[in-house]
Amino acid sequence: MSDTTPLTGRLVPLRTKDEVRASLETHVVYVIEVSAKHANAVKDVVQAAVPDFKTSEISHLRRVVQFKYLPAHLQKQFYPPARLPRGDEDDPAPASLSPSTVSLPSSSPPSTCTGDDCTAGEEVTKDMDLVRYFLLCPTRHIPHAELHSLLLKCPPFDNGKTRPRILYVTVPSLAPISAEQSEQWSEQYWPISYKNTNPYGPHPSLVARNQAEIEDKVGNWLALARTAGQCISEQCLGESLGVVVVDQTKAEPEVIVVSGDCRWRSPSGAIERHQGTGNIMAHAVQRAIAMVAKKRLRAAGADPALLDRSLFCDIPLTEIEKEYYVKDNINQSGYLCVDLDIYLTNEPCVMCSMAILHSRFRRCIFAKRMPLTGGMTSDTAEGYMPLQGGLKHGMFWRPSELNWKFLAWEYKEEGEQAQPEGIKDTLHV
């Protein structure tokens, strides 16, 4: 490989469009206080009354939770728990323990007491051990008054002595995408049931396995892409943007092609004025894909010049591009870029993102996010506000709409190493 100093940094998997949506959407649910032995009876009555409600809507949430497992803010909000009858001899909770008149004096309920308060404190502690917080359903399925009437028909509320305590809790609408997010939501909203999967994108184990395959060389390939972009820029043919295509399915990974951006090169080879968009068909991604196609044609014994199109600038123009283009290290079979990885100095624009997708690359890694023009990311760039952070298309993983999907990462570079100057956020890469 050409003499380049590898970049140092870390890979950050991109979040899919559905993952971003899952992280942002919440709704309000009903929660009631009930003893564990009566929870099923209450569930059956409510379920029969709201047939439109499917338990799959809340399958990522714990249905029945003890007081001690509630998030701290809910413990403070719900304390003290209702005193539910434990037998026919029990009376309803005394007024002094009514949830409407007693509030939690500190961040945690009292565990010890002295003097006249001791008996009341012990009763509250017992009630906390016996009561359960049962998540019924989202509030949109049934009005509060109707739910209240239903509960009065269920034990332990049907004895006329105990009133149901209906609580409102905000919870995530969709399942978490990682163990870390599950833990965060359990503290922020409600205890979560995490199933070690990701219903809105690639499975965590798939991402981890692929990341382990590439992370030891990613700094090399991105440094090479940067060099390719700089070589083109020095000739004033394009911006300082580069691409490297790598085959990592082999025992020893091999670079297939290297390309730089040629938007300021006219079809005749002359340097054009650096204004407007330039030749969009000569973006580094488009050139790299064209050179892969020509190498496959050459491997099949045909003349790659048959594909020459001056508009696409699809011939190697710098020494570093020629170095890799002349190598016969790709076979003739296979769909264009299947099993190949693409490394970019910058997040590709929508056009190039679609070209990557339709060429069926295996993985995509870029070093700098393009918050206003990039087609790969689905969320707002950290600390970036203009236009709410960009397009958010998330082209890499939209299997219900597009005919191919692949894994994608952003490379967070460490230290003070700066990206080449002059690359504006509004530039289409």
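What this report covers is the structure whose coordinates are included nearby. Not measured: the values here are computed from a predicted model. (Residues numbered from 1 in each chain as written. Predicted model: local features only at pLDDT ≥ 70, side-chain atom pairs only at ≥ 80, totals over all residues. Heavy atoms only, no water.)

**A word on the overall build of the protein**
Now for step 1: A tally of regular secondary structure across the protein gives eleven helices and ten strands.
Now for step 2: When burial is assessed residue by residue, the protein has 50% of its 429 residues classed as buried.
Now for step 3: Put simply, of all contacts in the protein between residues at least 6 apart along the chain, 71% involve residues at least 24 apart.
Now for step 4: Counting only carbon and sulfur atoms, one obtains 51% of the accessible surface of the protein, whose full area is about 20,300 Å². (Helix = DSSP H or I, 4+ residues; strand = E, 2+ residues; numbered from the N terminus. Buried < 20%, exposed > 50% of the residue type's maximum accessible area, 1.4 Å probe, protein only. Contact = heavy atoms within 4.5 Å. Areas by Shrake-Rupley, 256 points an atom, 1.4 Å probe, with all protein chains shown as cover.)

**Section: the sheet that holds strand 5 (residues 166-172)**
Now for step 1: Pairing is antiparallel across the open sheet formed by four strands, whose spatial order is 3-4-2-5. One side of each edge strand has no neighbouring strand; the edge strands of this open sheet are strand 3 (64-66) and strand 5. Within the sheet, the average angular offset between the axes of one strand and its neighbour, ignoring direction, is 35 degrees.
Now for step 2: Pairing analysis gives seven bridges linking strand 2 (residues 26-35) to strand 5, with the strands arranged antiparallel. Within the sheet, the bridge partner assigned to V29 lies in strand 5 and is V169.
Now for step 3: Strands strand 2, strand 3 and strand 4 (131-138) of the sheet are contacted by helix 2 (residues 39-49), whose axis makes an angle of about 15 degrees with strand 4. (Pairing = 2+ DSSP bridges. Axes fitted to C-alpha atoms, helices over the stretch in contact; angles between N-to-C directions.)

**Focus on the packing of aromatic side chains**
Now for step 1: Under the counting rule described, the total for this entry stands at six aromatic pairs.
Now for step 2: Here W185 and Y189 contribute two aromatic rings whose centre-to-centre distance is 6.5 Å and whose plane-to-plane angle is 80 degrees, an arrangement assigned as edge-to-face.
Now for step 3: With a relative accessible area of 3%, W185 lands in the buried category.
Now for step 4: By the ring-pair criterion, three or more aromatic residues cluster together here, those being F67, F78, Y79 and Y133.
Now for step 5: The ring of Y335 is capped by R360, whose NZ or CZ atom sits 4.3 Å from the centre of that ring.
Now for step 6: A cation sits over an aromatic face here: K405 above W397, 5.3 Å from the ring centre. (Phe/Tyr/Trp six-rings, centres within 6.5 Å; stacked < 30°, edge-to-face > 60°. Lys NZ or Arg CZ within 6 Å of the ring centre and 35° of its normal.)

**Examining the side chain of K294**
Now for step 1: Looking at the secondary structure, you find K294 in helix 9 (residues 284-299).
Now for step 2: At a separation of 2.2 Å, a polar atom in the side chain of K294 contacts the side chain of D308.
Now for step 3: Other than its neighbours up to four places away in sequence, K294 contacts P304, L307, D308, D314, I315 and Y325. (Polar contact = N/O pair within 3.5 Å; in protein donor to acceptor, adjacent residues only side chain to side chain.)

**Here we look at the pattern of salt bridges**
Now for step 1: According to the stated counting rule, one finds 20 salt bridges in the structure shown.
Now for step 2: D425 is the salt-bridge partner of K368, the closest N and O atoms lying 3.6 Å from each other. Remark: D425 occurs in the segment after strand 10 (407-413) and K368 occurs in the loop between strand 9 (363-366) and strand 10; sequence separation between them is 57 residues.
Now for step 3: Judged by relative accessible area, which is 24%, D425 ranks as partly exposed. (Salt bridge = Lys/Arg side-chain N within 4 Å of Asp/Glu carboxyl O.)

**Side note on helix 9**
Now for step 1: With 16 residues, helix 9 ought to run about 22 Å at 1.5 Å a step, and its terminal C-alpha atoms sit 23 Å apart, in line with that.
Now for step 2: In terms of residue burial, helix 9 counts as a mostly covered element, since twelve of its 16 residues are buried.
Now for step 3: Listing the buried residues of helix 9 in full gives A284, V285, Q286, R287, A288, I289, A290, M291, V292, K294, K295 and R296.
Now for step 4: Tucked into the core, helix 9 has its buried residues touching helix 8 (218-234), strand 6 (242-247), strand 7 (254-260), helix 10 (319-325), strand 8 (340-344) and helix 11 (350-358).
Now for step 5: Directly beyond the C-terminal end of helix 9, a positive phi value near 90 degrees is found at G301. (Expected span 1.5 Å × (residues − 1).)

**Quick word on the nonpolar core**
Now for step 1: If you look at the biggest cluster of nonpolar residues, it comprises 53 residues, and the most contacted ones within it are V245, I342, Y343, I356 and I365.
Now for step 2: Sorting elements by how many residues they give to this core places helix 8 first, with seven residues.
Now for step 3: Apart from the residues lying within four places of it in its own chain, the contact partners of Y343 are I214, V218, W221, L222, A225, G242, V243, V244, V246, Q248 and I365.
Now for step 4: Ranked by size, the runner-up nonpolar core spans 38 residues in total, among them V31, V50, F134 and I166. (Core = buried A, V, L, I, M, F, W, Y, C linked by side-chain atoms within 4.5 Å.)

**A few points about the sheet that holds strand 9**
Where strands meet in a sheet, backbone hydrogen bonds hold them as pairs that are either parallel or antiparallel.
Now for step 1: On the basis of which strands lie adjacent, the open sheet formed by six strands has the order 1-10-9-8-6-7 and mixed pairing. Lying at the two open borders of the sheet, with one neighbouring strand each, are strand 1 (9-13) and strand 7. With strand direction ignored, the average angle separating the axes of adjacent strands in the sheet is 20 degrees.
Now for step 2: The pairing of strand 8 with strand 9 spans four bridges and is parallel.

**Quick word on unusual backbone geometry**
Now for step 1: At the junction of Y79 and P80, the peptide bond is cis and its omega measures out at -5 degrees in the coordinates.
Now for step 2: Structurally, P80 is set in the loop between helix 3 (72-78) and helix 4 (118-130).
Now for step 3: A positive phi angle is found at N196, which is not glycine, with a value near 55 degrees.
Now for step 4: Positionally, N196 belongs in the loop between helix 6 (179-188) and helix 7 (204-214).
Now for step 5: Residue classification places N196 among the exposed positions, given a relative accessible area of 52%.
Now for step 6: At K392, a residue that is not glycine, the phi angle is positive and equals roughly 60 degrees.
Now for step 7: Along the chain, the position of K392 falls in the loop between strand 9 and strand 10.
Now for step 8: Looking at K392, the relative accessible area reads 25%, which means it is partly exposed.

**A closer look at the pairing of strand 7**
Now for step 1: Counting buried positions along strand 7 yields six of seven residues, so the element is predominantly enclosed.
Now for step 2: Strand direction decides the pairing type here: strand 6 and strand 7, joined by six bridges, are antiparallel. Looking at strand 7, one finds that V244 is bridged to V258.
Now for step 3: Between strand 6 and strand 7, which pair antiparallel and follow one another directly, the connecting turn spans six residues.

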